[in-house]
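Survey of secondary and tertiary structure
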Amino acid sequence: MPLRAPRRHAIVSNVSAPRSPSVGASSGADVAREPDAVDPPGPVPHHGHSQPSLSLRWRADEISRLVSRSTLRDGDELVVVGSDSLVVSPMVDLELSRDSRPFRYGATPYVLPSQHATWKELAVDHFRRSKKVIFDGPCVRLESEPRLPGALAFRTVGYFDTLATDFIAQYDIVSTSTSSVLHQGSSLVFDSHGRLRDLEGSWAGNSVGVSTVAISSDGALVLIDQGGGNVSSPGLVAPSGSGSASPDDFVEAPDSQTALTRGMERELREECNLTERSTGLQMATRLTGFARWLDHGGKPEFYGVTWMDIDAEQLRSTGVSNSERPLVDVVRTTDINLRALRDAAGDLQVIARGMPERSSVPLLMCVRALSLLLVREPDAIESLRRVALSMA
């Protein structure tokens, strides 16, 4: 595919983190970094039995620096949210929102190459020291590029393998004895020529993220105030449901869209504490977009929108389940003007002004994808409502 300089979309971001330095966007406004999975006060040492002593060294703006010199494939665009960078493709978003996409699922789980096993020990120790809620459950790896025709390729991957790759892209692995760099985390994202690595040839975890913004029956937008135990976006305002796709989402799914929206609805039910009433609750979800989150190792992120037959007051009264308490602080709702969102036409500067303070990258990207969907299909939410109610 032809390569070209990246087309950029900068945003005055609500994403804020007092501990992180501000950087300038092309608009000249101040923006701030999406909080990283772990505060980086200094190297975190690890002492393996047969390996040299290693540590993670934070590289504050390394991904941003490399993005500024990178090239993108024809049709791709760069979206900058605060100081986080994501690659999107309008053509992929259009296809995912309209057409059924088949998939194939690998028979055996992906395993991190043995020579990098020590990285997993180092990364897990790093996150546990930061009091993150982590366990090595099964996730889903994307092994093909959605921009290419044909079935999407997925495979099971352990969560700790993704921690050791996707989430250390902003760190270097160094020897504590010599201070020499043994691995540059950014090399997971870009090759030596400054090109974004394809998913097909990548050995990173590339775990699939799924996020959806839900619209209540009385037209409110459902939001989640994230708890500090999250690896991604701790303490920020998140989409109505967000997390990682599960292998169970793909069981007997007829196509990729069904599997991915199952994952979105599963996360939505869990985080909004809707599991007990899920039997009688009608909802419908559709895909709206796709991105690769460069600051998280170029991991794939799918976005969606959900309409559900429950009003805002009922949603706010559900509370937070005990199992989600370390990850979810509050379930809340806010007004949303769909006509104004359509008129924003994906302009993140405009969208951010209508979002809460401390909005996360997944939330802003979800709402951006919804905005662009409404440009193409002004009655998309009404269509979702009809689909959901027809399931009764």
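Let us look at the structure shown here. Just so it is clear, the structure is predicted and the values come from calculations on it, not from any experiment.

**Some details on the overall build of the protein**
When helices and strands are counted, the protein shows 10 helices and 21 strands. For the protein, the proportion of its 392 residues judged to be buried stands at 57%. Summarising the internal contacts of the protein: among those between residues at least 6 apart in sequence, 72% fall at separations of at least 24. Taken as a whole, the protein presents about 15,900 Å² of accessible surface, with 50% of it coming from carbon and sulfur.

**What to know about empty space enclosed by the protein**
Taken as a whole and judged by the stated rule, the model has 2 cavities of 30 Å³ or more. What the largest cavity holds in volume is close to 100 Å³. In terms of lining residues, the largest cavity is bounded by R73, D76, V87, V88, S89, V92, E145, P146, R147, L196, F290 and R292. Elements with a contribution of two residues or more to the lining of the largest cavity: β9 (84-88) and β19 (283-293). Along the lines of polarity and charge, the residues of the lining of the largest cavity split into 6 nonpolar, 1 polar and 5 charged.

**With respect to unusual backbone geometry**
Phi at S179 is positive, roughly 65 degrees, even though this residue is not glycine. Looking at where S179 falls in the secondary structure, it is placed in the loop between β13 (171-175) and β14 (181-184). The class for S179 is partly exposed, based on a relative accessible area of 45%.

**Notes on the pattern of salt bridges**
Enumeration according to the criterion identifies 20 salt bridges in this entry. R141 serves as the salt-bridge partner of E143, at 2.7 Å between the closest nitrogen and oxygen. Residue E382 pairs with R385 through a salt bridge whose shortest N-O separation is 2.8 Å. Taken together, the residues E382 and R385, both in helix α10 (residues 380-390) and 3 residues apart, mark about one turn of the helix.

**With respect to the packing of aromatic side chains**
If you walk through the whole model with that rule in mind, you get 5 aromatic pairs. Between F103 and F154 the ring centres are 6.2 Å apart and the planes differ by 75 degrees, which places this aromatic pair in the edge-to-face class. Of this pair, F103 sits in strand β10 (residues 103-105) while F154 sits in strand β12 (residues 152-158); the two residues are 51 residues apart in sequence, bridging distant segments of the chain. Given the relative accessible area of 1%, F154 is considered buried. Above the plane of the ring of Y110 lies R141, whose end atom (NZ or CZ) is 3.8 Å from the centre.

**Structural notes on the nonpolar core**
Formed by 35 residues in total, the largest nonpolar core has its most connected members in V81, L86, V213, V305, M365 and L370. If we ignore the near neighbours within four places in the chain, the residues touching V213 are L221, P239, S240, G304, V305, T306, L363, C366, V367 and L370. Within the second largest apolar cluster, 22 residues are counted, among which are L54, L112, Y171 and L188.

**Digging into the sheet that holds strand β11 (residues 138-142)**
Read from one edge of the open sheet, 3 strands run β10-β12-β11, paired in mixed fashion. Each having just a single partner strand, β10 and β11 make up the two edges of the open sheet. Neighbouring strand axes in the sheet, compared pairwise and without regard to direction, differ in orientation by 35 degrees on average. Where β11 meets β12, 5 bridges bridge the pair, whose relative direction is antiparallel. Bridge pairing in β12 places P138 opposite G158.

**Quick notes on helix α9 (residues 361-376)**
For α9, with 16 residues, the first-to-last C-alpha span of 23 Å sits near the 22 Å given by 1.5 Å per residue. For α9, the buried fraction is high: 13 of the 16 residues fall into the buried class. Structurally, the start of α9 carries an N-cap: the backbone nitrogen of L363 is 3.3 Å from a side-chain oxygen of S360.

**Here we look at the side chain of S211**
Of note, S211 is situated in strand β15 (residues 209-215). By relative accessible area, S211 is classed as buried at 2%. Excluding residues that lie within four positions of it along the chain, S211 makes contacts with P239, G241, S242, M264, F302, Y303, G304, P362 and C366.

**Looking at helix α5 (residues 256-271)**
Because each turn of an α-helix spans 3.6 residues, side chains separated by three or four positions in sequence point in the same direction. Over its 16 residues, α5 extends 23 Å from the first C-alpha to the last, a length consistent with the 22 Å expected when each residue adds 1.5 Å. With 12 of 16 residues buried, α5 lies mostly within the body of the structure. Turning to α5, its buried residues are S256, Q257, A259, L260, T261, G263, M264, E265, E267, L268, R269 and E271. Immediately downstream of α5, the backbone of N273 shows phi near 55 degrees, a positive value.

About the thresholds
Residues numbered from 1 in each chain as written. Predicted model: local features only at pLDDT ≥ 70, side-chain atom pairs only at ≥ 80, totals over all residues. Heavy atoms only, no water. Helix = DSSP H or I, 4+ residues; strand = E, 2+ residues; numbered from the N terminus. Buried < 20%, exposed > 50% of the residue type's maximum accessible area, 1.4 Å probe, protein only. Contact = heavy atoms within 4.5 Å. Areas by Shrake-Rupley, 256 points an atom, 1.4 Å probe, with all protein chains shown as cover. 1 Å grid on protein atoms, 1.4 Å probe; cavity = no way out; pocket = protein on both sides within 12 Å on 5 of 7 lines; lining within 4 Å. Points joined across faces, edges and corners; volume = space filled by probe spheres on them. Nonpolar A, V, L, I, M, F, W, Y, C, P; charged D, E, K, R; others polar. Salt bridge = Lys/Arg side-chain N within 4 Å of Asp/Glu carboxyl O. Phe/Tyr/Trp six-rings, centres within 6.5 Å; stacked < 30°, edge-to-face > 60°. Lys NZ or Arg CZ within 6 Å of the ring centre and 35° of its normal. Core = buried A, V, L, I, M, F, W, Y, C linked by side-chain atoms within 4.5 Å. Pairing = 2+ DSSP bridges. Axes fitted to C-alpha atoms, helices over the stretch in contact; angles between N-to-C directions. Expected span 1.5 Å × (residues − 1). Polar contact = N/O pair within 3.5 Å; in protein donor to acceptor, adjacent residues only side chain to side chain.

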